[in-house]
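A closer look at the structure
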2 protein chains.
Amino acid sequence: MNVVSTVDPRDGRRRTTALTETDEPRLEVIAGQASHAARWLSGLGRLGRADLLDAIATSLEARRGDLVAAAEAETGLSHSRLDQELTRAAVQFRMFGDVLRDGGYVEAAIDHAADTPLGRGPDLRRMLVPLGPVAVFGASNFPFAFSVAGGDTAAALAAGCPAVLKAHPSHPLTSHASAEAIAAAVRDLGGPDGVLATVYGEQAGRALVRHRAIRAVALTGSVGAARAIQAAIDERPDPIPLYAELSSVNPIVVLPGAAADRAEQIAEGLFASFTNSGGQLCTKPGLAFVPSDPSGARLVDTLREKVAATGGAILLNDRIQAAYEKQATAFEQAGARVSARAQIDSDEGFRVAPALLEVDLPGLTAEIADECFGPLMVVVRYADVAALDAVLATVPPSLTGSIHRGPDDDAGVVRRLVDWFAGRSGRIVFDGYPTGVRVSWAQHHGGPWPSTNAVHTSVGATSIRRFLRPLAWQDAPAWVLPEELQDGYTAITRRVDGRLEQAAR
Amino acid sequence: MNVVSTVDPRDGRRRTTALTETDEPRLEVIAGQASHAARWLSGLGRLGRADLLDAIATSLEARRGDLVAAAEAETGLSHSRLDQELTRAAVQFRMFGDVLRDGGYVEAAIDHAADTPLGRGPDLRRMLVPLGPVAVFGASNFPFAFSVAGGDTAAALAAGCPAVLKAHPSHPLTSHASAEAIAAAVRDLGGPDGVLATVYGEQAGRALVRHRAIRAVALTGSVGAARAIQAAIDERPDPIPLYAELSSVNPIVVLPGAAADRAEQIAEGLFASFTNSGGQLCTKPGLAFVPSDPSGARLVDTLREKVAATGGAILLNDRIQAAYEKQATAFEQAGARVSARAQIDSDEGFRVAPALLEVDLPGLTAEIADECFGPLMVVVRYADVAALDAVLATVPPSLTGSIHRGPDDDAGVVRRLVDWFAGRSGRIVFDGYPTGVRVSWAQHHGGPWPSTNAVHTSVGATSIRRFLRPLAWQDAPAWVLPEELQDGYTAITRRVDGRLEQAAR
């Protein structure tokens, strides 16, 4: 059996771990346990699962020190960032606890038997039910919030679906420790093995996706990873959904009035947004459209100074480091000029130089309007807001589109940009930055291809919908119905004979 | 240009029509008009689109005589069935009018800016917005309710998505007349071309799916058709969702107590359910599990008499006729014996003999537990209810599973069957038949593969979700927000800061 190794990005040193890559016999055991655990999760009911999610949040926080230390050594991300991310992971589990207690997510609907224009209609009752065990591919860049203890896991368990996590090779020990934290909470509630399991190794990931027990796959990763997983799904006799959150350029348009109003402030915001976490965020702004007037020049000058004054960034692994260097070179070859580049203070580990590139509007090509994963942003200087519409067509659809406006900017221009971003992004940000995604009921994380492949979201309360399917009961005796569909049940909001009946408080 | 022909299944005669197969230049025009129409539909707003849907329903009913006559000549389905189906089509448009007036389908959510465990959270507002133009592949067996004037069209237009229909080759003139009826309603409201368009020919269907303007595909058809459409989608640079409603066996279990209680009544219900519309319904029961005791024998005897006394059935086209004959022969070769077969009274057109086949429980193979599109049902005789669990594993997942119980049947047995069907179907029917799908808020039409490929439904109010995607606005000024997301808007139910606020009445 292949031993799993871990690398510290701060010095590049590889160490072996006590973990081994998951082989086929072990995967069979895991899949069997997951199928068994599905019945346990379902039997817990909504409120029981809410308690489980709260207990998982508490268990993660109780191990905060160990988890953050493990992630620091495997990702090179800062302590404060990882500490925040662990809080976010706990918040996500607790949010889904609230979603379960609310219960509206099951979309319960009852149509009593009635005369219709097509004759007598039967009694029909419908709600969403769990899909079954799901596979989740953890992300490199969020060792907690999009990995074993991440939002996909929280959404899956909330839905009643056991989760089998493919651990990202960048942080196997963090993944293992996270799985232990979750398992401890499950054990405390008397739960079986298989509510959450972790597999290691690419081979195991492919076998997992092909396994008959798996009913859906969630991925936060690259377009290449999505294609490989889809190819494995295509080998199944039965297709299953793949929810993939992929690549995003996240353009930001700074209108002339905004630059005139607060050039330095925007420069600081942009700098933080594209360099924090080594620029390794799917919502990192990769393109900023800045006016070529004096205010825009002031903005870019401030950005330049900040980039030049910063140090090297440590990236997650050698592949991301190599891809960053390659993409930066490709941008230059496509005509973007280096506006500022940081000094790398050490050649240890996976360090790169944060960089600001610049191009004038007619020079923005599809090559430059591509994602660069890491601390690089391209500033596109434009002379005339009227030219923006045409040039934005070069930019691929994204998770987000941002607009900075000032008091002097024309409402018509803003309206046109909003319409543009509405068609080509999943979230429109005003006078802010796309990074720092709020986890809440109204949040949404997704967008037209290539930012995601799905019409769903991977963040926020409604991301649970991905792991549910509708089931209807026709003329069923009351005793076989789930409690949510029985007459007189008032704990959740339901649609009865077409009318919404709000939950009793 | 290839001329489109039409065939009368009652006599098999082929006639040319004035329609031609859609070529690439014409498809470009249609796609351009659809993109333009998307803006018009969106501009109408929810209430405007509700009026449009009502007008379409009225327009269809105003042309009832012509539409039903066209469909009779192209499908061989009975006048009364087609008349009912046109009513169902109108009901579907009107139901989505109600869905729009209710407005809950946009899932509006507002999280005001607030302090969170992760710092200050921005103001976030989210709702579902239209995907853009969608392609719909009409079904052979429902010239109205699952074709040009069908539920997918109604759901798409309700969502704000123009629909481009690939007309089924079995009923081009009905498709054309339906499109005219819808176009008339659009014109009366001042709408542009492209709100609904129809394309003809297989080549055009493939080109449609590959067209960059198309954002989703809905299909009611065969697994083969779904694979061909998926292959065309795979040629796109950007994947788009395919919502496919496919093959289904719809097993019915008659428990001993039910047979003892009402053998003849169940026989009549089963007979009607598998022979009506020539058995060409995706919810047709293909397998009935009947006890091998004297009550079960009475049930089967009654069924036999009814089958023997019926005449030939006219199927939709020669391919369906040939597939029916082939599948019936395959069942016999796999060990099912012919229990009864109708007499065909004429060899004109696409006539086949409705048939009842029979097999004893150990003899049920995967070959026999396969869908046969047409008026054929296999009765599976079982001696012991305890054996049902194992044998149901032979039956592929279906749209529906039905259970007939009598006063003497054991609740534990019923509970086990319910659990079984919950995992392997989309709708569980008690003491009834899966055909005659009620169109209502709680209805659901879908199930695990191969009955559908999706976690959505193609019937009922929630089928609109297939053509929507989430979009979020962060810190947006009120004047750019859709009215549904503005503070103080009370016309629809929304989730505000996590709490459901019901629409004002």
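Placed above this text is the structure.
To start, this report covers the structure provided alongside it. (Residues numbered from 1 in each chain as written. Chains lettered and ligands numbered in written order. Predicted model: local features only at pLDDT ≥ 70, side-chain atom pairs only at ≥ 80, totals over all residues.)

**Quick look at the interface of chain B and chain A**
Taken together, the 61 residues of chain B in the interface contact 61 residues of chain A. For the side of chain B that touches chain A, the elements supplying multiple residues, two or more each, are helix H3 (79-102), strand E3 (109-111), strand E6 (124-130), helix H12 (411-424), strand E20 (425-430) and strand E21 (468-474) of chain B. With seven residues, E21 of chain B is the largest single contributor of residues to the side of chain B that touches chain A. Its residues placed into classes, the side of chain B that touches chain A shows 29 nonpolar, 18 polar and 14 charged. (Contact = placed C-beta atoms within 7 Å. Helix = DSSP H or I, 4+ residues; strand = E, 2+ residues; numbered from the N terminus. Nonpolar A, V, L, I, M, F, W, Y, C, P; charged D, E, K, R; others polar.)

**Side note on the pairing of strand E9 (residues 196-199) of chain A**
All names here are of chain A. Covered by surrounding structure in E9 are Leu-196 and Thr-198 together with Ala-197 and Val-199, the residues of both alternating faces. In this structure, strand E8 (residues 163-166) lies alongside E9, joined through four bridges in parallel fashion. When the sheet's bridge partners are listed, Lys-166 is paired in E9 with Val-199. With respect to chirality, the unit in which E8 leads through helix H5 (residues 172-188) into the neighbouring parallel E9 is right-handed. (Buried ≥ 20, exposed ≤ 12 C-beta atoms within 10 Å, placed from the backbone. Pairing = 2+ DSSP bridges. Right-handed = clockwise from strand over helix to strand, strands pointing away.)

**With respect to the environment of Phe-93 of chain A**
All names here are of chain A. Of note, Phe-93 is situated in helix H3 (residues 79-102). Residues Phe-93 and Thr-153 lie 60 residues apart in sequence; the distance between their C-alpha atoms is 8.7 Å. Not counting residues within four places of it along the chain, the set of residues in contact with Phe-93 comprises Leu-53, Ile-56, Ala-57 and Ala-154.

**Considering the packing of H3 of chain B against helix H4 (residues 151-159) of chain B**
Residues and elements named next belong to chain B. Where H3 meets H4, the closest approach of the two axes is 9 Å, and the angle between their N-to-C directions is 25°. If you check the angle between H3 and H4, you find them roughly parallel. Relative to H4, the crossing made by H3 is right-handed. Where H3 abuts H4, its residues Gln-92, Phe-93, Phe-96, Val-99 and Leu-100 lie against Gly-151, Ala-154, Ala-155 and Ala-158. Partitioned by chemical class, the residues of the contact of H3 with H4 number seven nonpolar, two polar and no charged. (Axes fitted to C-alpha atoms, helices over the stretch in contact; angles between N-to-C directions. Parallel < 35°, antiparallel > 145°, perpendicular 65-115°, else oblique. Left-handed = near helix turned anticlockwise from the far one by under 90°.)

**What to know about the relation of the copies chain B and chain A**
One chain copy maps onto the other through a rotation about an axis and a shift parallel to that axis. In the superposition of chain B on chain A (RMSD 0.0 Å, axial shift 0.0 Å), the rotation amounts to 180°. On the angle and the small slide along the axis, the relation comes out as a two-fold axis. Closest approach to the rotation axis among the C-alpha atoms of chain B is made by Gln-502 of chain B, whose C-alpha sits 3.6 Å away. Looking at chain B, 100% of its interface residues are interface residues in chain A too, so the copies touch through the same face. (Least-squares fit on C-alpha atoms with pLDDT ≥ 70 in both.)

So far we have only geometry, and geometry alone does not tell us how the molecule works.
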